[in-house]
Amino acid sequence: MGRRYFGTDGVRGRVGDAPITAEFVLRLGFAAGKVLAGTAAAHGAGGIGSAAATGRPAVIVGKDTRVSGYMLEAALQAGFSAAGVDVLLSGPIPTPAVAYLTRALRLSAGVVISASHNPYEDNGIKFFSADGNKLPDGIEAAIEAELERPVGCVASRSLGRARRIDDAAGRYIEFCKSSFPGALDLRGLRLVVDCAHGAGYHTVPHVFHELGADVVPIGVSPNGLNINEGCGATEPGALRRAVLEHKADLGIAVDGDADRLMMVDASGRLYNGDELLYVIVRDRREREPVPGAVGTLMSNLGLEQALGRLGVQFERAKVGDRYVLEVLQQKGWRYGGESSGHLLCLDCHTTGDGTISALQVLSAIRRSGATLAELCADLGMFPQKLVNVRIDKGFDWKGSAKLARAREEVERELGEDGRILIRASGTEPLLRLMVEAREASMAERMAHRLADAVAAR
């Protein structure tokens, strides 16, 4: 059965357009609740993730700071309640916090209302299973099947109840701090922390402050409309400027739901996910065996070569942290990530977490006594140029003769000193064109040649 609603990262789209409407999200809550209730029943009364006092399944619902979160939270709550599922409401909180709290509170599932790095007009719904991992394909398929049935309602005595959990942020802050070595601290470091006016605005700065850093927070004034706007991991210019202005040692930026990470050093140099993954793996490699790490088709060839020099095998997954996680689990490895800043340290958390990833980089800096630039000195990155081209829905880019001819020409010019990756975005109507070459000018020229071929369709 093909997916109708679920993409690579849950259900996402423009608010007010199907499927991100109040009516659909109520149906989604009911369908997910019915599936979860059936799963709990299969494990017996009071089964896995049940609310201990009632025997009903229970879920946590978190969200980012988009104004549409109020509407979608209410719709989800109504759907879950009608299905007989209790709901714990955390308010704005990072996506990885929901994954952690789902496990810590022994719940049936975690639900996040967020469109991550997208603009505020978009929103989405994604789920975590009881163990804090992305929802298994089988459960997503069961929810899709349930969505084809009419919405009903359990008897009044069996309706789910909702309550706010006031200590969600505090619990998560302590969890993040526990991933940092107890023998180390951040005293003497001035850090600029950019929270993208998103879900981490009231958690991320506190983690670093409580570990001893002098924290300069920016992007911590959400108004429902400014999430990711000119700030955060996807627009790091604000972080660079603030690091230079405040003469900080480092800058840390997360995105709207705080699962991505970018960093800037005192000189204003930006470090992406490939570079930060290298720092983490190199640090771990000095203290324990690291058989392998996982990147994606977008990961820089320089990362693969540098890890090879450390004796660390490198595997490429499809683009998306979901697929990186799948390969890590298949291989039994712990470390992986994307150049976009989604980093996975499975010895610390079940999912990507911008705060925890930053702490792993900071622990490497503290242990080594080296700067971020020095830790990356052996990493020879190939220049990459990524161009996003907006396309019409249903555009058959794989069948485009003009794009095929342009690709053949570019590949011929690059030879063995570069590569091309063309893929459609899983969350936006964009075609992503990436060219990697030994010279930045060539990468840029070739990427725009491909973009011109798409535009000329």
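Summary of the structure given here. Quick caveat, the model's predicted, so the values are computed rather than measured.

**What about the side chain of Thr 296?**
Working step 1: Structurally, the position occupied by Thr 296 is in strand β12 (residues 292–296).
Working step 2: Not counting chain neighbours up to four residues away, the residues in contact with Thr 296 comprise Arg 316, Ala 317, Lys 318, Val 319, Gly 320, Val 324, Gly 337 and Glu 338.

**Considering the packing of helix α8 (residues 273–285) against helix α9 (residues 301–309)**
Working step 1: Taken N-terminus to C-terminus, the directions of α8 and α9 make an angle of 10°; their axes are 10 Å apart at the nearest point. One element, α8, and the other, α9, form an angle in the roughly parallel class. Where α8 approaches α9, its residues Asp 274, Leu 277, Tyr 278 and Val 281 are matched on the opposing element by Leu 303, Ala 306 and Leu 307.
Working step 2: Here the contact of α8 with α9 is built from residues that sort into six nonpolar, no polar and one charged.

**A word on a nonpolar patch on the surface**
Working step 1: Together, Val 67, Tyr 70 and Leu 225 make up a nonpolar patch on the protein surface, roughly 310 Å² of accessible area in all.
Working step 2: Tracing the sequence through the fold places Tyr 70 in helix α2 (residues 68–82).
Working step 3: Under the relative-accessibility criterion, Tyr 70 is labelled exposed at 59%.

**Let's talk about the sheet that holds strand β15 (residues 343–345)**
Working step 1: On the basis of which strands lie adjacent, the open sheet formed by four strands has the order β13-β12-β14-β15 and mixed pairing. Single-partner strands in this sheet number two, and they are β13 (313–317) and β15. Ignoring strand direction, the axes of neighbouring strands in this sheet form an average angle of 15°.
Working step 2: Direction of pairing for β12 relative to strand β14 (residues 335–337): parallel, over a ladder of two bridges. Considered in β14, the bridge of Val 294 is made with Gly 336.

Calculation rules
Residues numbered from 1 in each chain as written. Predicted model: local features only at pLDDT ≥ 70, side-chain atom pairs only at ≥ 80, totals over all residues. Heavy atoms only, no water. Helix = DSSP H or I, 4+ residues; strand = E, 2+ residues; numbered from the N terminus. Contact = heavy atoms within 4.5 Å. Axes fitted to C-alpha atoms, helices over the stretch in contact; angles between N-to-C directions. Parallel < 35°, antiparallel > 145°, perpendicular 65-115°, else oblique. Nonpolar A, V, L, I, M, F, W, Y, C, P; charged D, E, K, R; others polar. Patch = residues over 30% accessible without salt bridge, like charges linked within 9 Å, V, L, I, M, F, W, Y side chains within 5 Å. Areas by Shrake-Rupley, 256 points an atom, 1.4 Å probe, with all protein chains shown as cover. Salt bridge = Lys/Arg side-chain N within 4 Å of Asp/Glu carboxyl O. Buried < 20%, exposed > 50% of the residue type's maximum accessible area, 1.4 Å probe, protein only. Pairing = 2+ DSSP bridges.

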